[in-house]
Amino acid sequence: MASRKIVLTFPKDKIDKPIVFKLIKDFNLSFNIMKASITPDQEGHMVLELDGDKSEIDRGIKHLKDEGVKVEPLSKEIRVDWNKCTQCSACVSICPTGALYVKDRKTMAVDFDAEKCIACELCIRPCPPRAIKVHF
Amino acid sequence: MAKTIKEINEKIKQGKAVVVNAEEIIEIVAKKGLAQAAKEVDVVTTGTFGPMCSSGAYFNFGHTKPKLKAGGGTALLNNVPAYTGWAAVDLYIGATAATVDDPLNKIHPGEFAYGGGHVIEELVAGKDVRLQVEAYGTDCYPRKHLDTWININDLNEALLFNSRNAYQNYNVAVNLSDRTIYTYLGTLKPKLGNANYCSAGQLSPLLNDPYYKTLGIGTRIWLGGGTGYIVWQGTQHNPHAPRLDNGVPKRPAGTLALIGDLKQMDPKWIKGVSFVGYGVSLNVGIGIPIPILNEEILKYTAVKDEDIVAAIVDYSDAYPNGKPEVLGEVDYKTVKSGQIEVKGKKVPTSGISSYKRALEIANDLKDQIKKGKFLLTEKVADLPVGDSAPKFKPLKERPIKEGK
Ligand code: SF4
Ligand code: SF4
């Protein structure tokens with residue numbers, strides 16, 4: 001038995017199809033929906049934990065991809081809501097990797113480099129307008 | 001060659017006034033010299049945008065039928081207590097008020113996700129806010145309960161009224177202890193892990209007119225995106241703080257009490273914020289124009305970050321226990337470079353107030369004046385300054401003796 005956490009993105013025309021249900025029926029996998037949402041532009045997002053035979057998991061993921069679903073391994077993603085951010089820089093000295101940084105010392109503009117972020121979440125609560133969010 | 005505010009206003013009305021922000025004036029003075037710059041420039045605009053805890057809003061929500069008197073009873077706005085002591089249907093809500101069922105710091109550090117500052121932001125944003133009132137009922141005001149949505153557009157008067165804003169300089173906060181501490185100047189990592197500052201420095205209103213020569217009671221200002229006025233000195237106004245030769249105080253000094261029409265404001269500039277472990281506050285945007293009446297006034301507005309010095313204060317001990325000691329002094333140019341040195345250690349810095357937004361405010365005010373939409377005012381009375389100004393005192397506690 002194996003277990004794997006994955007993130008699925010459904011295109012608009014696939015959100016009402018029983019694609020995920022087939023994982024039980026055709027591949028003998030059990031799954032746990034950790035999170036599911038539909039964005040305003042009608043894209044579906046789902047975080048799944050799959051349990052079953054390792055080769056069946058691989059086949060199940062292939063089935064999802066064949067159906068046009070985007071499959072990615074689960075990793076947290078940190079995002080800054082720039083409409084909420086007040087450009088104070090409170091997060092900058094908290095962030096251990098320099099992912100949140102002052103990009104110009106004359107204007108004191110703050111920016112975020114997702115490449116450097118390790119999703120440690122240390123910046124989430126010290127941000128006064130709570131502009132930084134974790135996405136799964 | 002001295003100018004008057006009246007003359008400057010004439011130029012503004014004709015669209016001929018020369019207006020620059022407090023950053024631009026530095027270079028102009030460096031290039032042209034004080035005398036020439038004072039001749040050419042009419043107004044310098046300043047700005048600041050940061051958490052200002054001593055802020056709040058009051059409004060009149062209109063009479064119900066039958067009538068109700070909130071005074072003596074209780075009122076909640078989105079579950080945040082408002083002050084009812086202003087009689088029938090006037091309420092005051094303070095920025096730092098916490099939601100009634102907020103766990104506060106019971107599990108330290110508390111989140112403080114919502115509070116007074118957020119209620120004020122939502123009102124300004126035109127969102128519906130739930131109002132619940134419990135009154136005791138009188139012959140003239142019989143109604144006892146009210147539970148309704150309210151909206152800023154339906155309120156009779158709605159004003160931002162802040163008892164202490166725009167601090168003239170502030171501390172740079174650090175933490176000498178070996179645990180993380182949570183303050184109104186943000187999260188401070190142990191053993192000098194970071195240093196947080198909170199001033200717009202060379203753009204800050206009161207640092208550009210350090211002896212309050214042009215601004216005072218009655219001065220029209222840019223407040224929260226709308227128009228406001230200075231109504232008094234702010235609480236804790238302390239012009240006696242030690243000053244540099246250029247007049248700039250090295251410690252928190254002057255403050256302003258401000259008022260403005262909440263209905264004109266923009267939620268971008270009136271923003272509820274949460275300081276983990278401390279509480280809720282309100283980010284307030286303020287812009288003050290400084291009329292260049294003479295060379296002396298121009299010289300003050302040309303102050304640079306490197307000429308403004310702040311005290312480095314330990315918020316794990318000195319600040320909370322009211323001890324006067326400081327760990328050193330540092331200028332804002334160094335502070336804004338991203339790193340300062342404290343006790344021989346290199347410490348990364350963060351802002352709590354936003355320089356970028358402060359500049360946007362100074363520029364917006366500049367544009368309004370240039371377009372003739374914002375006229376300058378003569379102050380009605382001076383803010384206290386000099387030897388005659390009252391001293392800022394700590395509380396003299398007089399313990400209560402039982403049985404007396
Ligand atoms: S999650 Fe961690 S690494 Fe990523 S931006 Fe926040 S503090 Fe920096
Ligand atoms: S702490 Fe929050 S508001 Fe301040 S710069 Fe960072 S993301 Fe923006």
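Quick caveat, the model's predicted, so the values are computed rather than measured.

Okay, the overall build of chain B next. Assigned secondary structure in chain B consists of seven helices and 24 strands. Against the 2.2 N^0.38 benchmark of 22 Å for 404 residues, chain B shows a C-alpha radius of gyration of 23 Å, consistent with a compact globule. In chain B, buried positions account for 55% of the 404 residues. Within chain B, residue pairs in contact and separated by at least 24 positions form 72% of the contacts whose partners lie at least 6 positions apart. With the model as given, the accessible surface of chain B reaches about 17,600 Å², and the carbon-plus-sulfur share is 51%. Side-chain charges of chain B comprise 49 positive and 43 negative groups, with the mean position of each set lying 1 Å from the other.

With that settled, consider the sheet that holds strand β6 (residues 80-82) of chain B. All names here are of chain B. Strand order in the open sheet formed by four strands is β6-β5-β8-β9, with antiparallel pairing between adjacent strands. Both edges of this open sheet fall to β6 and β9 (145-150), since each of them pairs with a single strand only. Pairwise comparison of adjacent strand axes, ignoring direction, gives a mean angle of 25 degrees for this sheet. Sheet topology note: the strand β8 (residues 129-134)/β9 ladder contains six bridges and is antiparallel. Note that in β9 the partner of Leu-131 across the bridge is Thr-148.

Let us look at helix α1 (residues 5-13) of chain B. Residue and element names in this part refer to chain B. The complete set of buried residues in α1 reads Ile-5, Ile-8, Asn-9 and Ile-12. The arc that holds every buried residue of α1, seen down its axis, measures 100 degrees, which confines them to one face. As for α1, its buried residues are in contact with β2 (43-45), β20 (289-291) and α7 (355-370). Gly-15 sits one or two residues past α1 and shows a positive phi near 70 degrees.

Our focus in this paragraph is the pairing of strand β18 (residues 270-275) of chain B. Residue and element names in this part refer to chain B. Summarising burial for β18: six of the six residues are buried, a large majority. Alternating residues of β18 divide into Ile-270, Gly-272 and Ser-274 and Lys-271, Val-273 and Phe-275, and every residue in both groups is buried. One ladder, built from six bridges, connects β18 with strand β19 (residues 279-287); its direction is antiparallel. The partner of Phe-275 across the bridge, within β19, is Gly-279.

Attention now moves to the side chain of Ser-93 of chain A. In this structure, Ser-93 of chain A sits in the loop between β5 (77-80) and β6 (100-104). When its relative accessible area of 5% is taken as the criterion, Ser-93 of chain A is described as buried. Among the polar contacts made by the side chain of Ser-93 of chain A, one reaches the side chain of Ser-350 of chain B at a distance of 2.8 Å. Those residues in contact with Ser-93 of chain A, other than ones at most four positions away along the chain, are Lys-189, Asn-194, Asn-196, Pro-348, Thr-349 and Ser-350 of chain B.

This paragraph deals with the domain arrangement of chain B. Residue and element names in this part refer to chain B. One can read the domain layout of chain B as domain 1 (5-52 + 161-382) and domain 2 (62-155). The straight-line distance from the C-alpha centre of domain 1 to that of domain 2 is 32 Å. Listed per partner, the contact involves 21 residues of domain 1 and 23 residues of domain 2. Roughly 1,600 Å² is buried in total at the junction of domain 1 and domain 2, and carbon and sulfur atoms are behind 66% of that figure. Interface area lost by domain 1 to domain 2 is led by Leu-262, Lys-263 and Val-280, which between them contribute 32%. Between the two partners, domain 1 and domain 2, sit seven residue pairs in polar contact (both at pLDDT 80 or more). Counting only elements with at least two residues in the side of domain 1 that touches domain 2, the list comes to β18 and β19.

Once that is clear, we can look at the interface of chain B and chain A. Across the boundary between the two partners, chain B contributes 30 residues, which contact 24 residues of chain A. Between chain B and chain A, the buried area comes to about 2,000 Å², and carbon and sulfur atoms account for 50% of it. Of all residues in chain B, Lys-271, Lys-336 and Lys-356 of chain B bury the most surface against chain A, accounting for 21% of the area lost on that side. For the pair chain B and chain A, the number of links is three salt bridges.

As a further point, take the nonpolar core. Of all hydrophobic cores here, the largest spans 70 residues; its most connected members are Leu-100 and Ile-132 of chain A together with Ile-25, Val-172, Leu-203, Ile-340 and Ile-369 of chain B. Among residues more than four places away in sequence, those in contact with Ile-25 of chain B are Val-20, Val-41, Val-44, Leu-298, Thr-301 and Ala-302 of chain B. Counting residues in hydrophobic clusters, the runner-up holds 48 residues, among them Leu-68, Ala-135, Leu-258 and Leu-383 of chain B.

This part covers the pattern of salt bridges. Tallied over the full model, the rule gives 25 salt bridges over all chains. The salt bridge partner of Arg-59 of chain A is Glu-56 of chain A, with a shortest N-O separation of 3.2 Å. Taken together, the positions of Arg-59 of chain A and Glu-56 of chain A, both in helix α2 (residues 54-66) and three residues apart, correspond to about one turn of that helix. Of the residues examined, Arg-59 of chain A reaches a relative accessible area of 45% and is grouped as partly exposed. Close ionic contact of Glu-360 of chain B with Lys-268 of chain B constitutes a salt bridge, the shortest N to O distance being 2.8 Å. Placement of Glu-360 of chain B in helix α7 and of Lys-268 of chain B in the loop between β17 (256-261) and β18 is noted, with a sequence separation of 92 residues between them. Beyond isolated ion pairs, a larger network of salt bridges with shared partners links Arg-4, Lys-54 and Asp-58 of chain A.

Reading the values: the criteria
Residues numbered from 1 in each chain as written. Chains lettered and ligands numbered in written order. Predicted model: local features only at pLDDT ≥ 70, side-chain atom pairs only at ≥ 80, totals over all residues. Heavy atoms only, no water. Helix = DSSP H or I, 4+ residues; strand = E, 2+ residues; numbered from the N terminus. Rg over C-alpha atoms; globule rule 2.2 N^0.38 Å. Buried < 20%, exposed > 50% of the residue type's maximum accessible area, 1.4 Å probe, protein only. Contact = heavy atoms within 4.5 Å. Areas by Shrake-Rupley, 256 points an atom, 1.4 Å probe, with all protein chains shown as cover. Lys, Arg positive; Asp, Glu negative; His and termini not counted. Charge placed at Lys NZ, Arg CZ, Asp CG, Glu CD. Pairing = 2+ DSSP bridges. Axes fitted to C-alpha atoms, helices over the stretch in contact; angles between N-to-C directions. Arc of directions from axis to C-beta. Polar contact = N/O pair within 3.5 Å; in protein donor to acceptor, adjacent residues only side chain to side chain. Domains from an automatic or database assignment. Buried area = accessible area lost by both parts, 1.4 Å probe. Salt bridge = Lys/Arg side-chain N within 4 Å of Asp/Glu carboxyl O. Core = buried A, V, L, I, M, F, W, Y, C linked by side-chain atoms within 4.5 Å.

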